[in-house]
Each structure stands twice: as C-alpha cells, then as structure tokens.
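# Remarks on the overall topology
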Amino acid sequence: MFSDFTNSKRLVLPLRSAVESNRFGINVDRLNIPQRSEFTDYQIADLCRVSDADLIILRFPKDRGHLPNTISTIEHRNVFLADNLVYYSRAIMKPEFASGASSGFGFEIADNRRREAIENFAQIVFENYGSHYRANPKLDRGAILQGYMEWALSGLDNSKKISSVVLDQSERIVGFALVAVDGEIAEIELNGVLPEYQGRGVFGLQMEWLNSHLSSRCIKKVVISTQSENLNAVKAWVKSGFQFEFALLTYHLMKT
Ligand SMILES: CC(C)(COP(=O)(O)OP(=O)(O)OC[C@H]1O[C@@H](n2cnc3c(N)ncnc32)[C@H](O)[C@@H]1OP(=O)(O)O)[C@@H](O)C(=O)NCCC(=O)NCCS
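Rules of the game
- Residues numbered from 1 in each chain as written.
- Predicted model: local features only at pLDDT ≥ 70, side-chain atom pairs only at ≥ 80, totals over all residues.
- Near = placed C-beta within 6 Å.
- Helix = DSSP H or I, 4+ residues; strand = E, 2+ residues; numbered from the N terminus.
- Nonpolar A, V, L, I, M, F, W, Y, C, P; charged D, E, K, R; others polar.
- Domains from an automatic or database assignment.
- Contact = placed C-beta atoms within 7 Å.
- Axes fitted to C-alpha atoms, helices over the stretch in contact; angles between N-to-C directions.
- Parallel < 35°, antiparallel > 145°, perpendicular 65-115°, else oblique.
- Left-handed = near helix turned anticlockwise from the far one by under 90°.
- Buried ≥ 20, exposed ≤ 12 C-beta atoms within 10 Å, placed from the backbone.
- Arc of directions from axis to C-beta.
- Core = buried A, V, L, I, M, F, W, Y, C linked by C-beta atoms within 7 Å.

## Digging into the site of the ligand
- Around the ligand, the surrounding shell holds 21 residues, and the nearest of these are Gly-192, Gln-198, Phe-203, Asn-232 and Ala-236.
- Listing elements by their share of the shell around the ligand, those giving two or more residues are β8 (185-193), α7 (202-216) and α8 (231-239).
- Among the elements that line the shell around the ligand, the one with the most residues is α8, at five residues.
- By residue class, the composition of the shell around the ligand is nine nonpolar, nine polar and three charged.

Below, the structure is given as structure tokens:
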C-alpha cells in the first residue's frame, strides 16, 4: 500500500505472501522498496538472492535507474518488468453541497448483503485487467481473476476498509471502489465501472460522494494507483482533481 513506499524507515525484507502463494500454488515473496530508502541496489539484490521463493514480486521507485541492471545479474532467476505503476492523490475537501443527489444514481457503503453482486461485478470489470500478474505467463489467468474477485470482497469483513458502490435505478452495482483507511489517508485499492457505464462520468460522481463521506471521517487525502498505460483511469482521476505523486516499477523474479 501507499505507506509502504512513503515511509523510508520501514524495514525492508522479502515477506512471504500467503494469499498469493495459495492462489498460484507456488511460494511468492513480496519486496517493496520505499522512496529514499537507505538500501543500496546491491543490498536489494542480495535480499532477493537469499529468498527461496519461486516468485519474488519486487516493487521500487522508478527513479532507481540502475536497480533493473543489478537484479538482472541474480543467478537462477528469470527477471522481467511486469508493470509500471503510477500513484495519484488529491486532498479531501469540505463538501459545499450534497453530491450526486440529482444524478439518478444511488451511493452507499456496501455490507455483506451485496457480497454476491460485488463478486459478479468484479468478475466482469477485472476479467481482462492488465495487471503485473498478467505479464507473467506462469500465472494462471483464472487464478488471477479469482484474486481480483476476492480482493473486491475484502472490504466487507474489514473495519479498516470501505466498499463504496454506485447503484442504478434497479439497484444494480454500476460503480465500485474498495477504499483502505490508514490514519488520515484513504487509498482506493481497487475501483471500476461496468463497461456499459464507462465514459459517462460515473467515477467522478462516486469520487464526489466519497469526498463527502471521507471528509466526515476526518480523512485529509485520498490516493489511487494503476498501470501507467491505463489512460481511461488517469483521465478520470485528473478530471476529479487528482495529481501525480510518484511512479513505481514492478519486477517479477522467477526461479529458473
Ligand atoms: C477507470 C474507470 C474506473 C473510469 O471510470 P469512468 O466512470 O468510465 O470515467 P469517465 O467517464 O470519467 O471516463 C474517463 C475517460 O476514459 C474514457 N473512457 C472510459 N471508458 C471508456 C471505454 N470503455 N472506451 C473508451 N473510452 C473510455 C472516457 O471517454 C474519458 O475520457 P475523456 O475524459 O477524454 O472523455 C473505468 O473506465 C473502468 O472501470 N475501467 C476498468 C477498470 C479499471 O481500470 N480500474 C482502475 C484501476 S483498479
């Protein structure tokens, strides 16, 4: 999450990801390198060398220009760029008027009664989502989609997460955002709009509603991220007042 990359004092160690290991049937380690980390490229490569995971998912600030070269020399690892992530943010402002009221859509924080609808929504919206997992031919496509479906549901049983939904007049979910709250910062971990509703400003309406909701919870800032080539997402964010924060690269290091 966002704070993994902004807290330069965070302990940097490869961590076994039980969820991803179970999902893909191989051992998966995660290693996130914060901005302004004191770790050198050689130390990071050494951390990868000692990991016994089948797959290491390594994320680091894009401006660490030499790190890709350094990790490419690790023995018995197939090392490749899996995605280029961009983080954007905007301030949460005191709302001047009730948002979304005249749009014809409904807005709510979903609970367990929407479980099946959220699962179905995620299956449609993330079926072909171009994530770093899809850059790895060794990872099963069905398991990747299942992962997005499980992730979308994770807000229903977690008091630190919010499942925000936009409903049409027949109460069908047309927009969804999974928001994780970390102190005064909220991170939109996952969001989407049904294909037939995309390009109609649903994200902007949802963002205004979320702004009011997050403002009432004393949250000061909201952050969001996606792959740099996801231009529809970036256009929607800029229209809603988000600004670029930083870029990360995700590398996969597969055991050969
Ligand atoms: C990213 C997303 C949430 C944006 O929501 P939205 O309600 O469609 O946003 P907007 O209506 O403001 O559209 C944003 C821009 O993308 C364009 N766009 C959106 N969907 C489009 C589509 N299916 N085909 C072509 N263009 C599209 C819009 O025309 C608009 O561009 P413009 O500002 O030049 O007019 C939505 O497109 C989506 O669900 N994408 C798939 C999932 C995803 O990528 N999620 C984000 C990361 S988890």
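## Notes on the domain arrangement of the protein chain
- Splitting the protein chain by domain gives domain 1 (2-84 + 250-255) and domain 2 (90-247).
- Taking only C-alpha atoms into account, the centre of domain 1 sits 27 Å from that of domain 2.
- Each side of the interface is counted separately: domain 1 has 13 residues, and domain 2 has 18 residues.

## Points about the packing of helix α5 (residues 115-125) against helix α6 (residues 141-153)
- Two elements in contact, α5 and α6, have axes separated by 9 Å at closest approach and are oriented at 140°. In this view, α5 runs oblique relative to α6, as classed from their interaxial angle. α6 is crossed by α5, and the crossing has right-handed handedness. Along the contact surface, α5 presents Arg-115, Ile-118, Glu-119, Ala-122 and Gln-123, while α6 presents Leu-145, Tyr-148, Met-149, Ala-152 and Leu-153.

## Here we look at α5
- For α5, every residue scored as buried is listed here: Ile-118, Phe-121, Ala-122 and Val-125. Considered in projection along α5, the buried side chains sweep an arc of 95° and stay on one side of the axis. When the buried face of α5 is taken as reference, the exposed residues oriented beyond 90 degrees from it are Glu-116 and Ile-124.
- Next to the buried residues of α5 lie α6, β6 (161-167), β7 (173-182) and β8.

## Some words on the nonpolar core
- In terms of nonpolar packing, the biggest core is built from 63 residues, with Cys-48, Ile-56, Leu-58 and Ile-118 touching the most fellow members.
- Each of domain 1 (2-84 + 250-255) and domain 2 (90-247) contributes no fewer than three residues to this core.
- Setting aside residues up to four positions removed in sequence, Ile-118 forms contacts with Ala-110, Ala-152, Leu-153, Ser-163, Ile-173 and Phe-176.

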